[in-house]
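These are the residues of each chain, in order.
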Amino acid sequence: QQQVKQSPQSLIVQKGGISIINCAYENTAFDYFPWYQQFPGKGPALLIAIRPDVSEKKEGRFTISFNKSAKQFSLHIMDSQPGDSATYFCAASYYNQGGKLIFGQGTELSVKP
Amino acid sequence: DVKVTQSSRYLVKRTGEKVFLECVQDMDHENMFWYRQDPGLGLRLIYFSYDVKMKEKGDIPEGYSVSREKKERFSLILESASTNQTSMYLCASSRPGSLAGPQHFGDGTRLSIL
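Cut-offs applied
Residues numbered from 1 in each chain as written. Chains lettered and ligands numbered in written order. Predicted model: local features only at pLDDT ≥ 70, side-chain atom pairs only at ≥ 80, totals over all residues. Heavy atoms only, no water. Helix = DSSP H or I, 4+ residues; strand = E, 2+ residues; numbered from the N terminus. Buried < 20%, exposed > 50% of the residue type's maximum accessible area, 1.4 Å probe, protein only. Areas by Shrake-Rupley, 256 points an atom, 1.4 Å probe, with all protein chains shown as cover. Lys, Arg positive; Asp, Glu negative; His and termini not counted. Charge placed at Lys NZ, Arg CZ, Asp CG, Glu CD. Contact = heavy atoms within 4.5 Å. Buried area = accessible area lost by both parts, 1.4 Å probe. Salt bridge = Lys/Arg side-chain N within 4 Å of Asp/Glu carboxyl O. Polar contact = N/O pair within 3.5 Å; in protein donor to acceptor, adjacent residues only side chain to side chain. Nonpolar A, V, L, I, M, F, W, Y, C, P; charged D, E, K, R; others polar.

Enquirer: Can you help me understand the overall build of chain B in this one?
Expert: Broken down by element type, chain B carries zero helices and eleven strands. When the helices and strands of chain B are read in sequence order from the N terminus, they spell out β-β-β-β-β-β-β-β-β-β-β. Principal-axis analysis of the C-alpha atoms gives chain B an extent of 40 × 30 × 25 Å. With 114 residues in all, chain B has 49% of them scored as buried. Total accessible area on chain B stands at roughly 5,500 Å², and carbon and sulfur atoms take up 50% of it. Computed over 16 positive and 15 negative side-chain charges, the separation of the two mean positions in chain B equals 4 Å.

Enquirer: What exactly am I supposed to notice about the interface of chain A and chain B here?
Expert: A common way to state how big an interface is: give the accessible area lost once the parts meet. Listed per partner, the contact involves 20 residues of chain A and 24 residues of chain B. For the chain A and chain B pair, buried surface summed over both sides reaches about 1,700 Å², with 54% attributable to carbon and sulfur atoms. Run the count over chain A and chain B and you get one salt bridge. A salt bridge links Asp107 of chain B to Lys42 of chain A; the nearest nitrogen and oxygen atoms lie 3.7 Å apart. Linking chain A with chain B are five residue pairs in polar contact (both at pLDDT 80 or more), by the criterion used here. It is strand β4 (residues 30–38) of chain A that provides the largest number of residues to the side of chain A that touches chain B, a total of three residues. Tallied by class, residues from the side of chain A that touches chain B come to eight nonpolar, nine polar and three charged.

Following this line, the structure appears as C-alpha coordinates:
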(Lines give C-alpha, C1' and ligand atoms only; values in the text may rest on other atoms or scores of the structure.)
Protein backbone atom coordinates (compact mmCIF):
# COMPACT_ATOMS: atom_id res chain seq x y z
CA GLN A 1 0.00 0.00 0.00
CA GLN A 2 3.02 2.22 0.35
CA GLN A 3 4.20 1.72 -3.21
CA VAL A 4 4.21 4.18 -6.05
CA LYS A 5 4.39 2.48 -9.44
CA GLN A 6 5.88 4.41 -12.34
CA SER A 7 5.88 3.70 -16.06
CA PRO A 8 7.45 3.50 -18.54
CA GLN A 9 10.96 2.68 -17.37
CA SER A 10 12.41 4.42 -20.44
CA LEU A 11 11.02 6.75 -23.06
CA ILE A 12 12.35 8.09 -26.35
CA VAL A 13 10.65 11.15 -27.81
CA GLN A 14 11.43 13.31 -30.81
CA LYS A 15 12.20 16.97 -30.27
CA GLY A 16 8.95 18.93 -30.17
CA GLY A 17 6.89 15.92 -29.12
CA ILE A 18 4.97 15.28 -25.91
CA SER A 19 6.53 13.13 -23.19
CA ILE A 20 4.11 11.40 -20.83
CA ILE A 21 5.10 9.55 -17.66
CA ASN A 22 2.54 7.84 -15.48
CA CYS A 23 2.37 6.95 -11.80
CA ALA A 24 -0.14 5.02 -9.73
CA TYR A 25 -0.52 4.73 -5.97
CA GLU A 26 -2.59 2.75 -3.51
CA ASN A 27 -2.57 4.73 -0.28
CA THR A 28 -5.46 7.22 -0.31
CA ALA A 29 -3.84 9.09 2.59
CA PHE A 30 -1.19 10.51 0.25
CA ASP A 31 -1.63 14.27 -0.02
CA TYR A 32 1.46 15.54 -1.80
CA PHE A 33 2.72 14.36 -5.20
CA PRO A 34 5.99 15.83 -6.45
CA TRP A 35 8.01 15.08 -9.55
CA TYR A 36 11.79 15.17 -9.43
CA GLN A 37 14.20 15.57 -12.35
CA GLN A 38 17.69 14.11 -12.26
CA PHE A 39 20.48 14.85 -14.74
CA PRO A 40 23.47 12.51 -15.02
CA GLY A 41 25.95 13.07 -12.23
CA LYS A 42 23.53 15.20 -10.23
CA GLY A 43 21.06 14.61 -7.44
CA PRO A 44 17.31 14.81 -8.10
CA ALA A 45 15.73 18.26 -7.98
CA LEU A 46 12.08 19.18 -7.52
CA LEU A 47 10.44 19.92 -10.87
CA ILE A 48 6.76 20.39 -10.05
CA ALA A 49 4.31 19.19 -7.39
CA ILE A 50 0.57 18.89 -6.87
CA ARG A 51 -1.87 18.35 -4.01
CA PRO A 52 -5.04 16.26 -4.49
CA ASP A 53 -7.44 19.20 -4.27
CA VAL A 54 -6.63 20.15 -7.88
CA SER A 55 -6.74 18.04 -11.03
CA GLU A 56 -4.02 19.81 -12.98
CA LYS A 57 -1.03 22.03 -12.41
CA LYS A 58 1.01 23.66 -15.14
CA GLU A 59 4.42 25.28 -14.96
CA GLY A 60 5.77 26.28 -18.35
CA ARG A 61 6.03 23.19 -20.53
CA PHE A 62 5.48 20.83 -17.59
CA THR A 63 2.00 19.75 -16.47
CA ILE A 64 0.86 17.34 -13.78
CA SER A 65 -2.52 15.71 -14.33
CA PHE A 66 -4.09 14.17 -11.25
CA ASN A 67 -6.94 11.65 -11.16
CA LYS A 68 -7.94 11.09 -7.56
CA SER A 69 -10.59 8.46 -8.24
CA ALA A 70 -8.19 6.37 -10.32
CA LYS A 71 -5.29 7.03 -7.91
CA GLN A 72 -3.09 8.04 -10.80
CA PHE A 73 -1.06 11.07 -11.73
CA SER A 74 1.08 11.86 -14.73
CA LEU A 75 3.71 14.27 -15.96
CA HIS A 76 3.33 15.78 -19.42
CA ILE A 77 6.26 17.57 -21.04
CA MET A 78 5.08 19.62 -23.98
CA ASP A 79 7.40 20.57 -26.85
CA SER A 80 10.07 18.22 -25.46
CA GLN A 81 13.65 19.42 -25.91
CA PRO A 82 16.99 17.56 -25.87
CA GLY A 83 17.76 19.45 -22.65
CA ASP A 84 14.83 17.64 -21.03
CA SER A 85 16.72 14.35 -21.35
CA ALA A 86 17.00 13.16 -17.76
CA THR A 87 15.58 10.64 -15.32
CA TYR A 88 12.22 11.58 -13.83
CA PHE A 89 10.85 10.30 -10.53
CA CYS A 90 7.33 10.64 -9.21
CA ALA A 91 6.82 10.53 -5.46
CA ALA A 92 4.13 10.72 -2.80
CA SER A 93 3.85 11.54 0.87
CA TYR A 94 1.19 12.10 3.50
CA TYR A 95 0.55 14.13 6.60
CA ASN A 96 1.80 11.76 9.27
CA GLN A 97 5.05 11.04 7.47
CA GLY A 98 6.59 14.42 8.22
CA GLY A 99 8.12 14.94 4.83
CA LYS A 100 9.12 11.35 4.08
CA LEU A 101 8.69 10.63 0.37
CA ILE A 102 7.97 7.36 -1.39
CA PHE A 103 9.48 7.35 -4.86
CA GLY A 104 8.51 5.61 -8.06
CA GLN A 105 11.02 3.52 -9.98
CA GLY A 106 12.08 6.30 -12.34
CA THR A 107 11.78 6.97 -16.08
CA GLU A 108 14.79 7.63 -18.25
CA LEU A 109 13.72 10.14 -20.90
CA SER A 110 15.72 10.69 -24.06
CA VAL A 111 14.66 13.47 -26.42
CA LYS A 112 16.15 13.04 -29.89
CA PRO A 113 17.02 16.11 -31.98
CA ASP B 1 20.35 28.26 -2.51
CA VAL B 2 20.27 25.15 -0.36
CA LYS B 3 23.42 23.17 -0.61
CA VAL B 4 23.72 19.53 0.37
CA THR B 5 27.29 18.30 0.15
CA GLN B 6 28.33 14.69 0.13
CA SER B 7 31.96 14.18 1.04
CA SER B 8 32.91 11.81 -1.78
CA ARG B 9 31.69 11.43 -5.36
CA TYR B 10 33.30 8.03 -5.81
CA LEU B 11 34.43 5.52 -3.23
CA VAL B 12 35.90 2.04 -3.55
CA LYS B 13 36.03 -0.21 -0.49
CA ARG B 14 36.61 -3.87 0.28
CA THR B 15 34.17 -6.44 1.60
CA GLY B 16 34.01 -6.38 5.38
CA GLU B 17 35.28 -2.82 5.76
CA LYS B 18 33.42 -0.27 7.86
CA VAL B 19 32.42 2.56 5.52
CA PHE B 20 31.37 6.10 6.43
CA LEU B 21 29.44 8.35 4.04
CA GLU B 22 29.16 11.95 5.14
CA CYS B 23 26.55 14.56 4.31
CA VAL B 24 26.39 18.23 5.28
CA GLN B 25 23.59 20.74 4.61
CA ASP B 26 23.80 24.50 5.04
CA MET B 27 20.11 25.50 5.36
CA ASP B 28 19.45 24.59 8.98
CA HIS B 29 16.99 21.88 7.92
CA GLU B 30 15.66 19.59 10.62
CA ASN B 31 14.98 16.64 8.30
CA MET B 32 17.75 14.64 6.70
CA PHE B 33 17.53 11.46 4.65
CA TRP B 34 19.74 8.75 3.17
CA TYR B 35 18.65 6.89 0.03
CA ARG B 36 20.21 4.36 -2.26
CA GLN B 37 19.50 4.55 -5.98
CA ASP B 38 19.59 1.44 -8.16
CA PRO B 39 18.45 1.12 -11.79
CA GLY B 40 14.82 0.07 -12.05
CA LEU B 41 14.27 0.40 -8.30
CA GLY B 42 14.16 4.17 -7.94
CA LEU B 43 15.19 5.79 -4.68
CA ARG B 44 14.79 3.65 -1.60
CA LEU B 45 14.93 5.20 1.85
CA ILE B 46 17.54 3.75 4.19
CA TYR B 47 17.27 6.00 7.26
CA PHE B 48 16.00 9.44 8.11
CA SER B 49 16.32 11.88 10.97
CA TYR B 50 13.97 14.60 12.22
CA ASP B 51 16.40 16.14 14.67
CA VAL B 52 19.80 15.85 16.24
CA LYS B 53 20.40 12.41 17.76
CA MET B 54 17.07 11.18 16.37
CA LYS B 55 16.85 8.52 13.69
CA GLU B 56 14.21 6.31 12.16
CA LYS B 57 14.50 3.31 9.92
CA GLY B 58 13.39 3.63 6.34
CA ASP B 59 12.47 0.83 3.99
CA ILE B 60 15.86 -0.89 3.70
CA PRO B 61 17.88 -0.29 6.90
CA GLU B 62 19.52 -3.71 7.14
CA GLY B 63 23.30 -3.51 7.09
CA TYR B 64 23.32 0.25 7.69
CA SER B 65 23.35 2.62 10.63
CA VAL B 66 23.36 6.40 10.90
CA SER B 67 24.66 9.14 13.15
CA ARG B 68 23.44 12.68 13.63
CA GLU B 69 25.46 14.48 16.28
CA LYS B 70 25.03 17.93 14.76
CA LYS B 71 22.04 19.40 12.95
CA GLU B 72 23.90 20.00 9.71
CA ARG B 73 25.61 16.62 9.45
CA PHE B 74 24.13 13.18 8.82
CA SER B 75 26.39 10.17 8.42
CA LEU B 76 25.59 6.79 6.90
CA ILE B 77 27.61 3.85 8.17
CA LEU B 78 28.01 0.48 6.52
CA GLU B 79 29.01 -1.67 9.47
CA SER B 80 30.57 -4.46 7.38
CA ALA B 81 30.42 -3.66 3.69
CA SER B 82 29.14 -6.31 1.30
CA THR B 83 29.09 -6.43 -2.49
CA ASN B 84 25.30 -6.02 -2.56
CA GLN B 85 25.78 -2.57 -1.07
CA THR B 86 27.45 -1.37 -4.25
CA SER B 87 25.17 1.48 -5.28
CA MET B 88 24.65 5.22 -5.64
CA TYR B 89 23.92 6.81 -2.26
CA LEU B 90 22.01 10.08 -2.05
CA CYS B 91 21.59 12.37 0.92
CA ALA B 92 18.73 14.89 1.18
CA SER B 93 17.42 17.49 3.59
CA SER B 94 14.15 19.36 4.04
CA ARG B 95 12.29 21.66 6.40
CA PRO B 96 10.32 20.05 9.21
CA GLY B 97 6.65 19.16 9.29
CA SER B 98 4.16 17.32 7.17
CA LEU B 99 4.14 20.01 4.46
CA ALA B 100 7.89 20.02 4.43
CA GLY B 101 8.22 21.06 0.83
CA PRO B 102 10.95 19.81 -1.42
CA GLN B 103 13.77 17.58 -0.40
CA HIS B 104 17.11 19.00 -1.49
CA PHE B 105 19.57 16.37 -2.66
CA GLY B 106 23.30 16.12 -2.81
CA ASP B 107 24.96 14.87 -5.99
CA GLY B 108 25.49 11.40 -4.63
CA THR B 109 28.32 9.05 -3.72
CA ARG B 110 28.89 6.13 -6.06
CA LEU B 111 30.14 3.36 -3.80
CA SER B 112 31.76 0.20 -5.09
CA ILE B 113 32.40 -2.72 -2.76
CA LEU B 114 34.97 -5.18 -4.10
